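Reading the structure
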Amino acid sequence: MCGIVGYLGPKEKKNILLDGLQELEYRGYDSAGIAVISQGKLQHFKAVGKLENLREKARDFRSEGLGAAIGHTRWATHGKPTELNAHPHVGAFSYVVHNGIIENYQELKKELEAQGVRFLSQTDTETIVHLFEAFINKGMEPFEAFRQTIARLEGAYAILLISEAAPETIFFAKNGSPLLIAFDGDEVYFASSDTAVIGKAKEAYYLEDGEYGFASAGEVRLFDRDGPKAFSTQPLPSDKAMAQKDGYRFFMEKEIYEQSSVIGDTMLGRVLDETIEFEELPARFFEGISRIKICACGTSYHAGLTGSYLLERLAKVPCDVEIASEFRYKEPLLSTDTLFITISQSGETADTLEALKMAKRAGLKSLTICNVDNSSIVRESDAAILTRAGIEKGVASTKAFATQVMVLWMLSLYLSQRDDKLDRDRRRRELDAMRRTPKALVVEEKLHERIHRLSKRYLHGHGFFFIGRDIFFPLALEGALKLKEISYLHAEGYPAGEMKHGPIALADAELFTIALMPRSLLYDKIKSNVEELSARDATILAISPEPFELADDFIGTQHSEHSMLEFFEMMVVTQLLALEISIRLGNDVDMPRNLAKSVTVE
Ligand code: M6R
């Protein structure tokens, strides 16, 4: 969720770092920083906000001669986006930049504080640099100190570290977060994505998890747990725009494929062995709360609706959900035992922000589930849980939705822990299913190919009905929204059991019904709803683990005992279906007509 760059060589280092960070700014932009060791001198600059603030701060700085330099653009996970929390983090004679989350940082921090180390920031990253220096202070060689440091870290990381203890050297390590080393002759570059080094370096090595090492005097030494390791490089692509999309045709497609890994980020440090933890929630935050009201717009509203089923079912807290633009003008009756939860990808949606201000004026406690730290809604809320989806570029929201739903599921379980609302077995089953979610979100090539082939039959007709029951009803709403946003075809989401109360009158061969038919939840009920539509000659595309003989088309999903796993798998199917239909229709998938990524007007 952050971007990192590094450079070892004779060129002027500041511009190499800033240009590289510029390419990575889409990964995070609440603060940025650089550190340079050249001719024995360590210098650093940090600034809050966009990269141009850092450029301005470092305007007069030049670095001459051979040296090592590292830079970082941040998307806050631990600690607010302040200058102190910005990377590079500094020890007495070393600097570190890090992308990822160190899960055991509190334990390490306590240990270091007991040895007299003073921490300047609230970040997990700062532990790395102090740990390294503690090993140096014990008399270890710099590389051994780095190796020992890495061995103590749990969690995900891509790390670059420079130190006066080993000038003209960059130490690096990767585990779970992307990192590559790129080369141009004797010059060595590091980056979390190749867009940062395209045009500068000619070839690159993409590190594997568990690899670490150091670069010095134009040479890179690589290690893994078995010891030294040989590696070979590959040529870097020459097209930057393509590289940003990692080879996908559209950002939306890339973001659909990213869901499996960003859900992992969302859960990191929160889904523990036996419990759910939200370090960001103040102690006793839920005291005096007996109801929840969720307020949001568009896709975020659909996530909220899904969450309301989970909150009532798992946490046993009454929960209702409102569309923010409706809530604002309905003169709602509010009571102070209600927690007001807003959900927003951007954190800037005008209606949601205004609804939040109204709730605050009425004395309600507020929590936001948001993807952008330091956004207006985060700043306005009493507490925030960040979804950690990373920047979403496609206007049609995909990975933000997935992470919002995951946070709501975790929150439901978190609240159920308060008064032991669930028995141990049930809680275990939920935690177990959560851990299996990243796998349920992996996009299989065969599935994508099948949806691509099917999509050609769905480019016309007088409308689509996405239908589902329970949590699959909000998913039906979301599937329909995705389709209409990027295909410009008319689509509606409907509770399957409601079709017979009116909409079934529309049924004929030109009405496409996308039926979400999970096996784990109300299967027989939805089956009879779909049979009713089929009897009226509607064209049925069934999405289910169970073959359905009345379906005109069928997309088979995995059998799973937990409905949330079926939910996430079917979510991917509906996203890919919208994507493939839109591509066939020749539309601009990432920037559909009439829409904007962030709706800051009423
Ligand atoms: O940034 P927000 O989540 O507050 O945005 C709310 C809606 O504008 C947004 O979800 C919109 O519906 C998306 N384009 C859906 O893909």
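Quick summary incoming for the structure in this document. These figures come from a predicted structure and were not determined experimentally.

About the criteria used
Residues numbered from 1 in each chain as written. Predicted model: local features only at pLDDT ≥ 70, side-chain atom pairs only at ≥ 80, totals over all residues. Heavy atoms only, no water. Pairing = 2+ DSSP bridges. Helix = DSSP H or I, 4+ residues; strand = E, 2+ residues; numbered from the N terminus. Salt bridge = Lys/Arg side-chain N within 4 Å of Asp/Glu carboxyl O. Buried < 20%, exposed > 50% of the residue type's maximum accessible area, 1.4 Å probe, protein only. Contact = heavy atoms within 4.5 Å. Polar contact = N/O pair within 3.5 Å; in protein donor to acceptor, adjacent residues only side chain to side chain. Axes fitted to C-alpha atoms, helices over the stretch in contact; angles between N-to-C directions. Core = buried A, V, L, I, M, F, W, Y, C linked by side-chain atoms within 4.5 Å. Domains from an automatic or database assignment. Near = heavy atom within 4 Å. Areas by Shrake-Rupley, 256 points an atom, 1.4 Å probe, with all protein chains shown as cover. Nonpolar A, V, L, I, M, F, W, Y, C, P; charged D, E, K, R; others polar. Expected span 1.5 Å × (residues − 1).

Some words on the sheet that holds strand β13 (residues 219-224)
Sheet strands line up and pair through hydrogen bonds in the backbone, either parallel or antiparallel. The antiparallel open sheet is built from seven strands, whose spatial order is β5-β6-β7-β8-β12-β13-β14. Both outer strands of the open sheet, β5 (89-90) and β14 (227-229), are each paired with one neighbouring strand and no more.

Brief notes about the pattern of salt bridges
Counted by the stated rule, this structure contains 32 salt bridges. Between glutamate 580 and arginine 249 there is a salt bridge, with its nearest N and O atoms 2.9 Å apart. Taken together, the residues span a long stretch of sequence, with glutamate 580 in helix α17 (residues 563-584) and arginine 249 in the loop between α6 (240-244) and α7 (251-267) at a distance of 331 residues. For arginine 249, a relative accessible area of 38% gives the class partly exposed. The partner of lysine 399 in a salt bridge is glutamate 258, with the nearest N and O atoms 2.8 Å apart. Of this pair, lysine 399 sits in helix α12 (residues 399-418) while glutamate 258 sits in helix α7, and the two are 141 residues apart along the sequence. Across the pair, glutamate 258 and lysine 399 agree in class, each one buried. Each of Lys293, Asp320, Glu322 and Lys330 takes part in salt bridges that share partners, so that together they form one network.

Considering the environment of arginine 519
Structurally, the position occupied by arginine 519 is in the loop between β23 (511-516) and α16 (523-535). Look at arginine 519 and you get partly exposed, because its relative accessible area is 36%. For arginine 519 and isoleucine 486, which are 33 residues apart along the polypeptide, the C-alpha to C-alpha distance reads 29 Å. What arginine 519 contacts, discounting residues up to four positions off in sequence, is Pro545, Glu546, His559 and Glu566. A distance of 2.9 Å separates a polar atom in the side chain of arginine 519 from a polar atom in the side chain of glutamate 546.

Here we look at the sheet that holds strand β25 (residues 553-556)
Here five strands make up an open sheet; going across it, the order is β22-β21-β23-β24-β25 and the pairing parallel. Looking at strand neighbours, the two that pair on one side only are β22 (491-495) and β25, the edges of this open sheet. With direction set aside, neighbouring strand axes in the sheet form an average angle of 20°. The pairing of β23 with strand β24 (residues 539-544) spans five bridges and is classified as parallel.

Side note on the pairing of strand β11 (residues 203-206)
With four bridges joining them, strand β9 (residues 180-184) and β11 adopt antiparallel strand pairing. Among the inter-strand pairings, alanine 182 is bridged to a residue of β11, identified as alanine 204. Sheet analysis places β11 next to strand β15 (residues 234-235), joined by two bridges and oriented antiparallel. Bridging from a neighbouring strand, alanine 204 pairs with glutamine 234 of β15.

Structural notes on the nonpolar core
In this structure, Leu281, Leu411, Phe464 and Phe568 are the most contacted members of the largest nonpolar core, which totals 90 residues. Ranked by the residues each element gives to this core, the list is headed by α17, at 13 residues. Here this core spans two domains, since at least three of its residues come from each of domain 2 (251-436) and domain 3 (445-584). If near-sequence neighbours (up to four positions away) are discounted, phenylalanine 464 is found in contact with Tyr458, Leu483, Leu489, His490, Ala491, Glu492, Phe512, Ile514 and Ile581. Within the second largest apolar cluster, 28 residues are counted, among which are Phe93, Tyr105, Leu131 and Phe223.

Some words on the site of the ligand
Of all residues adjacent to the ligand, which total 15 residues, the nearest are Ser300, Ser344, Ser346, Thr349 and Glu485. Contact between the ligand and glutamine 345: an oxygen atom at 2.7 Å from a main-chain N or O atom of the residue. When the ligand sits alone it has 410 Å² of accessible area, and the protein chains cover 90% of it. Within the residue set of the shell around the ligand, elements represented by two or more residues are α8 (298-315) and α15 (472-487). When grouped by side-chain class, the residues that make up the shell around the ligand number five nonpolar, eight polar and two charged. Structurally, the shell around the ligand is a two-domain feature, drawing no fewer than three residues from each of domain 2 (251-436) and domain 3 (445-584).

Focus on helix α4 (residues 126-137)
Here α4 spans 17 Å end to end across twelve residues, near enough to the 16 Å set by a 1.5 Å rise per residue. Taken across its twelve residues, α4 has eleven buried, putting it largely inside the fold. Buried positions along α4 lie against β5, β6 (94-102), α3 (105-114), α5 (142-152), β7 (155-163) and β8 (169-175). Trailing α4 by a residue or two, glycine 139 shows a phi angle of about 100°, which is positive.

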